[in-house]
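Here is how the chains run, residue by residue.
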Protein chains: 2
Amino acid sequence: MFLSGTKQTRKKIMVMGGDGFCGWPTSLHLSNAGHEVIIVDNLSRREIDVELEAESLTPIQPLGKRLEAWEDITGKTIRFHRINIAEQFDALLHLLVTEQPDAIVHFAEQRSAPYSMKSAAHKRYTVDNNMNATHNLLAAVVESGLDIHLVHLGTMGVYGYGTAGMAIPEGYLDVEVTTEAGERVEQQILYPTNPGSVYHMTKSQDQLLFQFYNKNDRIRITDLHQGIVWGTNTEETKLDERLINRFDYDGDYGTVLNRFLMQAAVGYPMTVHGTGGQTRAFIHIQDTVRCIELAIAHPPSPDEKVLIFNQMTETHRVRDLAEMIAGLTGAEVAYVDNPRNEAAENDLHVKNELFLSKGLQPITLNEGLLTEVTKVAEEYSHRADMDKIPARSTWTRSHKPGIPGEKASK
Amino acid sequence: MFLSGTKQTRKKIMVMGGDGFCGWPTSLHLSNAGHEVIIVDNLSRREIDVELEAESLTPIQPLGKRLEAWEDITGKTIRFHRINIAEQFDALLHLLVTEQPDAIVHFAEQRSAPYSMKSAAHKRYTVDNNMNATHNLLAAVVESGLDIHLVHLGTMGVYGYGTAGMAIPEGYLDVEVTTEAGERVEQQILYPTNPGSVYHMTKSQDQLLFQFYNKNDRIRITDLHQGIVWGTNTEETKLDERLINRFDYDGDYGTVLNRFLMQAAVGYPMTVHGTGGQTRAFIHIQDTVRCIELAIAHPPSPDEKVLIFNQMTETHRVRDLAEMIAGLTGAEVAYVDNPRNEAAENDLHVKNELFLSKGLQPITLNEGLLTEVTKVAEEYSHRADMDKIPARSTWTRSHKPGIPGEKASK
Ligand SMILES: NC(=O)c1ccc[n+]([C@@H]2O[C@H](COP(=O)([O-])OP(=O)(O)OC[C@H]3O[C@@H](n4cnc5c(N)ncnc54)[C@H](O)[C@@H]3O)[C@@H](O)[C@H]2O)c1
Ligand SMILES: NC(=O)c1ccc[n+]([C@@H]2O[C@H](COP(=O)([O-])OP(=O)(O)OC[C@H]3O[C@@H](n4cnc5c(N)ncnc54)[C@H](O)[C@@H]3O)[C@@H](O)[C@H]2O)c1
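Because the structure is predicted, anything quoted here is derived from the model rather than measured. Just so you know, the residues in each chain are numbered from 1, in the order the chain's sequence is written. Each chain is given a letter, starting from A, and each ligand a number, starting from 1, according to the order in which they appear as written. Local features in a predicted model are, by the rule used here, given only for residues with pLDDT of at least 70; side-chain atom pairs are given and counted only at 80 or more, and totals for whole chains, interfaces and linings are based on all residues. Calculated side-chain values reflect all of the structure's heavy atoms, with hydrogen atoms and water omitted.

### What to know about the site of ligand 2
All names here are of chain B. Keep this limit in mind: A single heavy atom is enough: if one lies within 4 Å of a molecule or strand, its residue is considered near that molecule or strand. Counting of polar contacts relies on pairs of N or O atoms within 3.5 Å, with two restrictions inside protein: one atom must be capable of donating a hydrogen and the other of accepting it, and residues adjacent in sequence are counted only when both atoms are side-chain atoms. Throughout, the Shrake-Rupley method with a 1.4 Å probe supplies accessible areas, and for residues the shown protein chains are the sole cover considered.
Close to ligand 2 lie 27 residues, the nearest being Cys 22, Asp 41, Arg 111, Tyr 199 and Lys 203. Between ligand 2 and the protein, one listed contact pairs an oxygen atom with a backbone N or O atom of Gly 20 at 3.2 Å. In this structure, Gln 226 approaches ligand 2 through a side-chain N or O atom, which is 3.3 Å from a nitrogen atom. Protein burial of ligand 2: of its 820 Å² of free accessible surface, 97% is covered by the chains.

If you want it as structure tokens, here you go:
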């Protein structure tokens with residue numbers, strides 16, 4: 001799998017979407033580790049804040065200020081190019097050819113499931129942006145003629161949360177099929193996905209792009225199927241308040257944990273969707289940046305198929321998360337209708353041996369959650385806009401239940 | 001599968017891409033059968049003719065003239081709207097809401113594999129056009145709130161031509177997997193695709209769009225995985241020369257059979273790629289339009305998953321096709337390098353019981369080929385531009401062989 005004995009050498013790394021929640025701490029972490037880092041971003045995430053009239057709880061500086069602060073504190077430079085990689089192909093290609101990066105980390109997609117379901121326009125933006133962003137990157141790498149390792153962030157959500165009691169494998173599935181001669185033959189296939197939103201669907205489509213370009217053009221690709229990222233800061237973003245990372249708690253971009261933390265911090269009951277029986281996979285942002293560093297250090301060999309890892313460290317039921325936070329803060333739990341078209345209860349067993357075998361020592365919710373409560377949610381609670389917490393996207397026009405046995409809301 | 005006992009009633013049908021090679025005869029066939037037909041097309045295929053400096057061998061009239069001729073001859077009216085469905089979402093939605101069609105047949109995609117591989121720009125156009133066309137249609141159907149049956153044309157090419165000696169099933173595959181408890185469980189999954197070009201890859205991505213919108217919004221969808229369409233005219237296009245259908249023979253849009261026919265008609269040797277051992281699936285254009293009529297007559301029920309049929313009637317090795325035409329015309333066969341990244345020899349066994357069980361009486365190459373030679377290739381051979389026949393797209397920058405054992409060209 002990983003090329004064994006790969007040395008940790010200084011690399012030139014482009015971070016697409018390097019102004020975002022995962023991209024910013026990744027850029028700092030890689031820069032701190034001695035790599036040369038170039039951020040590419042079109043700042044669309046900041047424009048979406050304007051559209052949604054929602055803001056990060058933590059005060060985010062303009063990117064120029066962030067980069068200045070990083071140079072002040074560490075003496076290290078990170079360069080920035082404002083490019084819409086879904087639209088400005090020529091600028092993207094020109095940048096690859098002039099900079100000749102060793103690796104590209106690709107975060108530059110619309111990543112909120114509720115946002116992707118808000119309206120026809122939001123569905124269309126998500127498909128158009130995500131498909132063209134990923135495809136332009138692949139076409140540009142081919143066109144550049146360079147041997148660039150592409151590390152992409154996918155999502156655990158493509159698996160469709162739990163099938164037939166199988167542990168979710170790392171990307172590929174061994175199946176048995178019957179030949180015309182009646183023989184049983186073992187085959188390895190891409191795990192058949194069952195995405196639950198337009199956003200997740202684009203990540204399934206990304207997999208087909210990777211499979212094709214890997215096969216046809218021998219591009220080296222690592223696809224990280226990531227769980228829900230929690231936690232706000234990393235060793236680097238804690239160095240100075242100007243480097244602070246995003247903390248989204250609104251109904252579209254705030255993941256379940258952050259919305260609970262916010263509600264608890266300001267003394268509201270935590271709103272659990274449905275029975276809260278949905279199991280989700282989680283990873284701390286500090287572990288995200290370490291996993292990406294590991295993925296860059298261990299590219300697949302040129303003849304290898306796309307490497308797929310599950311980038312997560314633990315699973316929890318949503319109601320158990322609420323109880324955990326209730327235990328830390330004394331907040332209450334309230335059960336409300338689920339806007340998503342999904343099964344009320346599910347189990348989730350995930351294989352994640354690859355990162356653990358590379359020495360990852362995960363931060364658990366048990367140890368990290370208190371810091372989030374006190375250092376982030378409570379410290380910045382004066383900036384909170386409680387109107388933004390409820391999830392207002394519905395998955396269908398009439399919100400008819402998509403799964404038998406599921407309770408419908410109006 | 002099919003709703004049994006569905007009566008053949010007059011329906012309002014929109015044909016997206018109704019000016020194209022399959023779309024035009026389908027529109028006439030459905031109109032002749034008594035349905036109300038509305039064509040939507042952006043005429044991009046005619047613009048690509050201009051770009052490639054290639055033309056249909058048969059003389060194609062402007063769409064306005066075609067529709068006038070149809071009305072002259074049959075007294076039936078087909079209306080036309082020029083809309084780019086990949087870009088003009090509002091116009092598309094407005095049309096659905098005002099016309100309230102019962103069914104939409106979706107042909108409106110860039111459909112040439114060599115064209116999709118010509119350059120980065122052609123790859124990008126194909127992905128952008130095909131993804132947004134299909135997704136806009138789905139999002140518009142949801143937004144309209146109407147119960148519209150969507151019939152889409154996919155391709156046999158997504159299957160990747162032959163896997164492990166299995167007969168290619170109709171879309172879904174039964175597999176056995178091992179659960180955590182060690183049990184073997186049967187599951188039905190979307191056939192894991194292995195597309196061979198950017199064009200084919202977009203058809204695999206289409207499948208994910210259909211799966212999602214069918215599951216989330218209960219859209220009724222029939223996806224027809226079509227073989228290579230051969231033959232030029234149908235009962236309706238034969239009625240008047242102004243109604244004649246396209247015959248493409250250029251290296252990009254001309255399928256293998258048409259290129260052979262053209263070469264034979266003008267006394268050139270037929271150029272077979274590689275060993276000619278590739279097996280392909282075929283269907284006559286007359287059977288295409290009948291299958292589409294059958295698909296429209298038998299929509300899935302609202303709770304059914306996407307119906308997938310293999311729309312093909314016979315398979316042949318490429319070299320056997322050349323021999324067949326040599327037998328009819330006395331032309332020679334020449335073996336040249338294969339520009340595609342594919343296995344030199346493959347078998348192909350395809351299940352197509354569904355259409356046969358509905359009473360389709362296929363036209364075979366054996367009986368239809370002579371008409372193509374005399375009534376089309378020879379009759380219009382004075383219009384042929386022999387420079388356009390060779391396939392000039394290569395699949396990779398250096399055309400390195402993508403499959404072990406495959407011979408490389410420079
Ligand atoms: N946050 C999570 O919990 C989580 C979980 C699983 C997977 N992921 C994946 O990780 C990646 C990053 O997620 P995030 O939480 O940092 O999201 P984010 O929205 O905070 O960051 C994405 C960044 O990409 C940029 N971007 C988007 N489209 C672009 C384009 N066309 N051109 C240039 N820049 C563009 C945005 O401006 C933003 O800065 C996403 O692909 C997401 O799907 C995130
Ligand atoms: N011809 C074959 O052998 C074959 C085989 C298998 C599958 N198919 C599928 O059948 C469908 C039709 O194939 P064809 O041979 O008729 O192709 P074609 O190129 O002749 O016709 C496609 C039509 O769609 C129109 N179109 C394309 N993009 C559009 C857009 N964004 N908005 C509006 N109109 C648009 C074009 O102008 C053209 O008239 C394709 O989806 C193709 O993949 C064809």
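Back to the text.
### Some thoughts on the pattern of salt bridges
Residue and element names in this part refer to chain B. Applied cut-off: Each salt bridge in this description consists of a side-chain nitrogen of Lys or Arg and a carboxyl oxygen of Asp or Glu lying within 4 Å of one another. Runs of E in the DSSP output that reach at least two residues are strands. Runs of H or I that reach at least four are helices, and both are numbered from the N terminus. Buried means the residue's accessible area, taken with a 1.4 Å probe over protein chains only, is under 20% of the maximum for its type, while exposed means over 50%, and partly exposed covers the values in between.
One pass over the full model with this rule turns up 50 salt bridges over all chains. When the shortest N-O distance is used, the salt bridge between Arg 66 and Asp 19 registers 2.9 Å. Of this pair, Arg 66 sits in helix H3 (residues 63–74) while Asp 19 sits in the loop between strand E1 (12–16) and helix H1 (23–32), and the two are 47 residues apart along the sequence. Neither Arg 66 nor Asp 19 differs from the other in exposure class; each is buried. For Arg 290, the salt bridge is made with Asp 287, and the minimal N-O distance between the two is 3.4 Å. Of this pair, Arg 290 and Asp 287 are both found in helix H9 (residues 285–297), three residues apart, which corresponds to roughly one turn of the helix.

### Here we look at the interface of chain A and chain B
Stated precisely, the cut-off is as follows: Residue contacts are counted whenever heavy atoms from the two residues lie within 4.5 Å of one another. Here the quantity called buried area is the total loss of accessible area, with a 1.4 Å probe, experienced by two parts when brought into contact, counted for both. Residues are grouped as follows: Ala, Val, Leu, Ile, Met, Phe, Trp, Tyr, Cys and Pro are nonpolar; Asp, Glu, Lys and Arg are charged; every other residue, Gly included, is polar.
With 60 residues of chain A at the interface, the matching set in chain B holds 60 residues. At the boundary of chain A with chain B, total buried surface from both sides reaches about 5,000 Å², with 54% on carbon and sulfur atoms. In this structure, the connection of chain A to chain B is made through two salt bridges. For the salt bridge of Arg 184 of chain B with Glu 176 of chain A, the shortest nitrogen-to-oxygen distance reads 3.6 Å. On inspection of chain A and its partner chain B, the count reaches twelve residue pairs in polar contact (both at pLDDT 80 or more). Listing elements by their share of the side of chain A that touches chain B, those giving two or more residues are helix H6 (120–144), strand E6 (172–178), strand E7 (184–190) and helix H7 (198–217) of chain A. Partitioning the side of chain A that touches chain B into residue classes produces 25 nonpolar, 21 polar and 14 charged.

### Concerning the nonpolar core
The following threshold applies: Among the buried residues, those of types Ala, Val, Leu, Ile, Met, Phe, Trp, Tyr and Cys that are joined through side-chain atoms within 4.5 Å form a nonpolar core.
Residues Ile 104 and Tyr 213 of chain A together with Ile 104 and Tyr 213 of chain B are the most contacted members of the largest nonpolar core, which totals 112 residues. Filtering out sequence-adjacent residues up to four positions away, Tyr 213 of chain A remains in contact with His 135, Leu 138, Ala 139, Val 142, Arg 218 and Ile 219 of chain A together with Lys 123 and Val 198 of chain B.

### Concerning the packing of aromatic side chains
As a reminder of what qualifies: Stacked, tilted and edge-to-face are the three classes applied to pairs of Phe, Tyr and Trp rings, where Trp contributes its six-membered ring and a pair requires centres within 6.5 Å; stacked means planes under 30 degrees apart, edge-to-face means over 60, and tilted covers the rest. Whether a charge sits over a ring comes down to the Lys NZ or Arg CZ being within 6 Å of the ring centre and within 35 degrees of the ring normal.
Tallied over the entire structure, the rule returns seven aromatic pairs over all chains. The interplanar angle of 50° and the centroid separation of 5.7 Å between the aromatic rings of Tyr 115 of chain A and Tyr 253 of chain A together place this pair among those described as tilted. Within this pair, whereas Tyr 115 of chain A is found in helix H5 (residues 113–116), its partner Tyr 253 of chain A is found in the loop between strand E9 (228–230) and helix H8 (256–265), the two being separated by 138 residues in sequence. Residue Tyr 115 of chain A is classed as buried on the basis of its relative accessible area, which comes to 4%. Taking 5.2 Å as the distance between ring centres and 70° as the angle between the ring planes, the aromatic pair formed by Phe 309 of chain B and Phe 355 of chain B counts as edge-to-face. Placement of the pair is Phe 309 of chain B in strand E12 (residues 307–311) and Phe 355 of chain B in helix H11 (residues 353–357), with a sequence separation of 46 residues. One exposure class covers both Phe 309 of chain B and Phe 355 of chain B, and it is buried. Put simply, the rings of Tyr 115, Tyr 125 and Tyr 253 of chain B touch in pairs and so form one group of aromatic residues. The ring centre of Tyr 172 of chain A lies 3.9 Å from the NZ or CZ of Lys 305 of chain A, which sits over that ring. In this arrangement the basic side chain of Arg 45 of chain B is found over the ring face of Tyr 253 of chain B, its NZ or CZ atom lying 3.6 Å from the centre.

### Focus on the relation of the copies chain A and chain B
Spelled out, the test is: Alignment of the copies relies on least squares applied to C-alpha atoms, considering only residues that score at least 70 for pLDDT in both.
For these two chains of identical sequence, chain A goes onto chain B by a turn of 180° and a shift of 0.0 Å along the axis, with RMSD 0.0 Å. Classification of the inter-copy transformation places it as that of a two-fold axis. Interface overlap between copies: 100% of the residues of chain A at the interface are likewise at the interface in chain B, consistent with a symmetric, same-surface contact.

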